[in-house]
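# An overview of the molecular structure
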Amino acid sequence: MLSRADGRKCPTCSGKMEHLSGQKFGHERPNAATIEHINPRKLGGSNETWNLIVRCNLCNRASGHMMNEWLQRHKHNPPWNEKKRMINYLWLEVHDTFTAQELYPELFASFWDKRNSMSTQEVRV
Ligand SMILES: [Zn+2]
């Protein structure tokens, strides 16, 4: 899944991804290809291939931060309708960024803010 992603565009930000074979990396490699759960494990998502997608490291991490903040806001026990909303949003975030932004502007803004602040930090280092 990852080796085929080398040189391909991230579905969310269109940045060109690179496959770092067998290498460990952190935030210093924002364009590394990473496998991500579309519906996260924390919300009951499975490990099956239809729930997995390749995205760049930066989008993956920013989305994780956005979701953790949301979980904290709901004291790690979001009501089912909020959970359903988040799962719908996350599906759109990876498949249809434009619609995600249209339908869930506040979630998308939170994701994008985090993504931007993470990428400027990386440039400064
Ligand atoms: Zn990306």
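Anyway, here's the lowdown on the structure attached to this text. This structure is a prediction, so every number in the text was calculated from the model and none was measured.

With that settled, consider the overall build of the protein. Scanning the protein for helices and strands turns up four helices and two strands. Counted from the first residue to the last, the protein has its helices and strands arranged as β-β-α-α-α-α. Since a compact globule built from 125 residues should have a radius of gyration of about 14 Å, the 14 Å found for the protein is in line with a globular shape. If you line up the protein on its principal axes, its C-alpha atoms span 40 × 35 × 25 Å. A fraction of 56% describes how many contacts in the protein between residues 6 or more apart in sequence connect residues 24 or more apart.

Moving on to the nonpolar core. In terms of nonpolar packing, the biggest core is built from 21 residues, with Ala33 and Cys56 touching the most fellow members. Residue assignment for this core shows that the elements contributing at least two residues are strand 2 (52–56), helix 1 (57–73), helix 2 (80–95) and helix 4 (105–124). With five residues, the single largest contributor to this core is helix 1. Beyond its immediate stretch of four places on either side in the chain, Cys56 contacts Cys10, Cys13, Gly15, Met17, Pro30, Asn31 and Ala33.

Reading guide: rules and limits
Residues numbered from 1 in each chain as written. Predicted model: local features only at pLDDT ≥ 70, side-chain atom pairs only at ≥ 80, totals over all residues. Helix = DSSP H or I, 4+ residues; strand = E, 2+ residues; numbered from the N terminus. Rg over C-alpha atoms; globule rule 2.2 N^0.38 Å. Contact = placed C-beta atoms within 7 Å. Core = buried A, V, L, I, M, F, W, Y, C linked by C-beta atoms within 7 Å. Buried ≥ 20, exposed ≤ 12 C-beta atoms within 10 Å, placed from the backbone.

Shape is all these values report; function is a separate question.
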